[in-house]
Amino acid sequence: MVPLSHESQRSDAYFSLLDRVSNLVSSSLETEEVFVQLLDMLVSGLKVDACCVQLLNPEKQKLTLVAHRGFTTEMANEVGSLKLGQGLIGKVALTGEPLMSPDVAADPNFVLLTPIQAGFRSFMAVPMRCGGKILGVLGLYDRTPNRFTEYEGKLLSAISACIAVAVDRAFPLHRGETEKARLISSISEKQEFLSALSHELQTPLTALIASAGLLAEELEKEPSDSRVRLIQNVLHSASNLQNRLAELLDLSQAKTAHFRIRRKAVDFSALARKVAEEFSPLMKEKGQSLVMKVPATVIVTADEQRLEQILLNLLANAVKFTPRGGQITFRAKEDKADLIVEVQDTGPGIPREEQLKLFRPYYRIPADRHRFPGLGLGLAITKQLVELHSGKIWVESEPGKGSTFAFSLPLVSSKAK
């Protein structure tokens, strides 16, 4: 048997640590006990001298120290009173970007005195994110200069993503008093259930994404390895599922404002081909054919991630309802100031009286409820996203003649080109 290299042993140890963190965050332990065990895991697993978790209070613009290991009393007091944007830790919370300092004693951006007095030299911090929000900062300290590596930074980011799910569930204060009051006043039994379900599913899914990301890093050292593309597909699909979970929570709480649209010039044609390629294996398995009638290049002003989600939802719908051996047609054309996109299937068609109900949340055609289990949110979310882009969505269908789902998007203005 060939002995494992030091690098392989380190990777195995880090994967094991990530797995243990995921299991701990998913456990039924009280939050306080989770943090106690979590910090012990980080100190022993990463072999560092100290670590901490700080939560962001957006209304007070400050960071609160909620758990630490290896701190002196003086250090805990100083670290626990940082403002948003103050020093390296505050900057991580402000920008959402991880930061690393090889020697804090020589780093003018590291404004804390007590860690230096306690003999700490190396520092690394990563943001804790959940649902697109920065909830706080996870930080590591060590007495050895140049202690942390880029690989460990990626591992810590993966760990912080797992922790953020637990933080979001246990510490609602990060949402701010105004949002809390609004949520409390509007919550219902169904919303509470869906919220809990989303959080429970996010924890193992976050660990899956983190593990796949680290595995992708390992496999990319051998770019010819066929497993590289497979793990990238796993990573992309898991990330899409994570986004859908976040949107399920948003929709269940009627928080349409949380769908933030970040517009930029997007090559729709390239995006359409990319989405179609993702469905290629599934369509091949079902013996379906895809006809693409999309111009070589069409530029639209849109949120690329949200536009991809719209296309994924409509193509997934077409693949689901098109019978084995059927055909799906993906068309796009410019019509004055708009882009018109159509996804046509050769499925069973939809009765006229059902068509107006299709875009309602949780609605599904009675005949489909047993054949295609689900929550009935795909088209409702798609409608919201299209309308947030100042577009319109509609369906044309007749029983026995298939369906065409279409939407319009404003084309890029002449100034943006």
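Residues numbered from 1 in each chain as written. Predicted model: local features only at pLDDT ≥ 70, side-chain atom pairs only at ≥ 80, totals over all residues. Heavy atoms only, no water.

Focus on the packing of helix α10 (residues 268–285) against helix α11 (residues 304–321)
Two packed helices can be described by the angle between their axes and the distance between those axes. How we decide: Each axis is a line fitted through C-alpha atoms, and for a helix only the stretch in contact is used; angles between axes span 0 to 180 degrees, taken between their N-to-C directions. A run of H or I in DSSP becomes a helix once it reaches four residues, and a run of E becomes a strand once it reaches two; helices and strands are each numbered from the N terminus. Here is the rule for handedness: rotate from the far helix to the near one, and if that takes an anticlockwise turn smaller than a right angle the crossing is left-handed, while a clockwise turn gives right-handed. Contact criterion: two residues are considered in contact whenever any of their non-hydrogen atoms come within 4.5 Å of each other. Put simply, Ala, Val, Leu, Ile, Met, Phe, Trp, Tyr, Cys and Pro go in the nonpolar bin, Asp, Glu, Lys and Arg in the charged bin, and everything else, Gly too, in the polar bin.
As a packed pair, α10 and α11 sit with axes 10 Å apart at the nearest point and diverge in direction by 35°. Every pair of crossing elements has a handedness; the one defined by α10 and α11 is right-handed. Every residue of α11 that contacts α10 at Phe268, Leu271, Ala272, Lys274, Val275, Ala276, Glu278, Phe279, Leu282 and Met283 is listed here: Glu304, Leu307, Glu308, Leu311, Leu312, Leu315, Ala316 and Val319. When grouped by side-chain class, the residues that make up the contact of α10 with α11 number 14 nonpolar, no polar and four charged.

Details of the pattern of salt bridges
Where charged atoms from two side chains of opposite charge come close, those side chains can pair. Put simply, the rule reads: By convention in these notes, a salt bridge is any Lys or Arg side-chain nitrogen within 4 Å of a carboxyl oxygen on Asp or Glu.
Tallying each qualifying case throughout the model produces nine salt bridges. Its salt-bridge partner being Glu398, residue Lys401 comes within 3.6 Å of it at the nearest N-O pair.

Side note on the sheet that holds strand β5 (residues 133–142)
Counted only if it meets this: By this definition, two strands are paired if DSSP reports at least two bridges between them.
Ordered by their spatial adjacency, five strands build an open sheet running β2-β1-β5-β4-β3, and the pairing between neighbours is antiparallel. Of all strands in the sheet, those bounded by a partner on one side alone are β2 (62–69) and β3 (99–101). Each strand of the sheet is rotated relative to its neighbour by a mean of 20°, with strand direction disregarded. Of the strands in this sheet, β1 (50–57), β2, β3, β4 (122–130) and β5 touch helix α4 (residues 87–95), which is tilted by about 150° from β5.

What to know about the state of the cysteines
To keep things clear, this is the line we draw: Count a disulfide wherever a pair of cysteine sulfur atoms falls within 2.5 Å. Residue burial is assigned from relative accessible area. The probe radius is 1.4 Å, only protein chains are included, and a residue is buried under 20% of its type maximum, exposed over 50%, and partly exposed in between.
All chains considered together, the criterion is met by zero disulfides. You can see Cys51 has no disulfide; the closest cysteine sulfur is in Cys52, sitting 7.2 Å from it. By relative accessible area, Cys52 is classed as buried at 0%.

Regarding the sheet that holds strand β12 (residues 403–410)
A sheet is described by the order of its strands in space; here five strands give the open sequence β7-β9-β10-β12-β11, paired in mixed fashion. Strand pairing shows two members of the sheet lacking a second neighbour, β7 (289–293) and β11 (393–397), which therefore form its edges. Each adjacent strand pair in this sheet contributes to an overall mean axis angle of 15°, direction not counted. In this structure, strand β10 (residues 338–344) lies alongside β12, joined through seven bridges in antiparallel fashion. When the bridges of β12 are listed, Val343 appears paired with Phe405. Here α10 sits on the sheet and contacts β7, β9 (327–335) and β10; the angle it forms with β7, its principal contact strand, is near 175°.

Some words on the pairing of β5
Where burial is concerned, most of β5 is hidden: eight out of the ten residues are buried. Bridge count between β1 and β5: six bridges; the pairing is antiparallel. Following the sheet pairing, Val53 is matched in β5 by Leu138. Both β4 and β5 contribute to a ladder of nine bridges, which runs antiparallel.

Describing unusual backbone geometry
You will see that Gln61, though not glycine, has its phi angle at about 55°, which is positive. Backbone geometry at Lys336 places phi at a positive 60°, although glycine is not the residue there. Residue placement: Lys336 occurs in the loop between β9 and β10. Given a relative accessible area of 82%, Lys336 falls into the exposed group.

Observations regarding the nonpolar core
In plain terms, the rule: Take the buried Ala, Val, Leu, Ile, Met, Phe, Trp, Tyr and Cys residues and link them wherever side-chain atoms come within 4.5 Å; each set so joined is a nonpolar core.
If you look at the biggest cluster of nonpolar residues, it comprises 39 residues, and the most contacted ones within it are Leu46, Leu138 and Ile159. Of all the secondary structure elements, the ones that give two or more residues to this core are α1 (6–26), α2 (31–46), β1, β4, β5, α6 (150–170) and α8 (189–219). Looking at this core element by element, the count peaks at eleven residues for α6. Beyond its immediate stretch of four places on either side in the chain, Ile159 contacts Leu17, Leu18, Val21, Leu42 and Leu138. Membership of the second largest hydrophobic core comes to 38 residues, among which are Val266, Ala302, Ile381 and Val395.

Some thoughts on the confidence of the model for the protein chain
To keep it simple, the criterion reads: As a per-residue measure, pLDDT tells how confident the predictor is, with possible values from 0 to 100.
Per-chain confidence: the protein chain averages 78 in pLDDT, with 75% of residues scoring 70 or above. Low pLDDT, under 50, characterises residues 369–375; the predicted model gives this stretch nine contacts beyond four residues in sequence or across chains. pLDDT under 50 marks residues 413–417. Its contacts with residues more than four places away, or in other chains, come to two contacts.

Overview of the environment of Lys284
Position of Lys284 relative to the elements: it lies in helix α10. Residue classification places Lys284 among the exposed residues on the basis of a relative accessible area of 72%.

Side note on the environment of Gln288
The test is simple: N or O atoms closer than or at 3.5 Å make up a polar contact, with two conditions inside protein: a donor-capable atom paired with an acceptor-capable one, and, for residues adjacent in sequence, both atoms drawn from side chains.
Relative to the assigned elements, Gln288 resides in the loop between α10 and β7. Residue classification places Gln288 among the buried positions, given a relative accessible area of 8%. Sequence separation of Gln288 and Val319 is 31 residues, and the distance between their C-alpha atoms is 8.0 Å. When neighbours within four sequence positions are excluded, Gln288 is seen to be in contact with Met283, Val319, Thr322, Pro323, Gly325, Gly326 and Ile328. Side-chain polar atoms of Gln288 contact the backbone oxygen of Val319, separated by 3.1 Å. A polar contact is formed between the side chain of Gln288 and the backbone oxygen of Thr322, at a distance of 2.8 Å.

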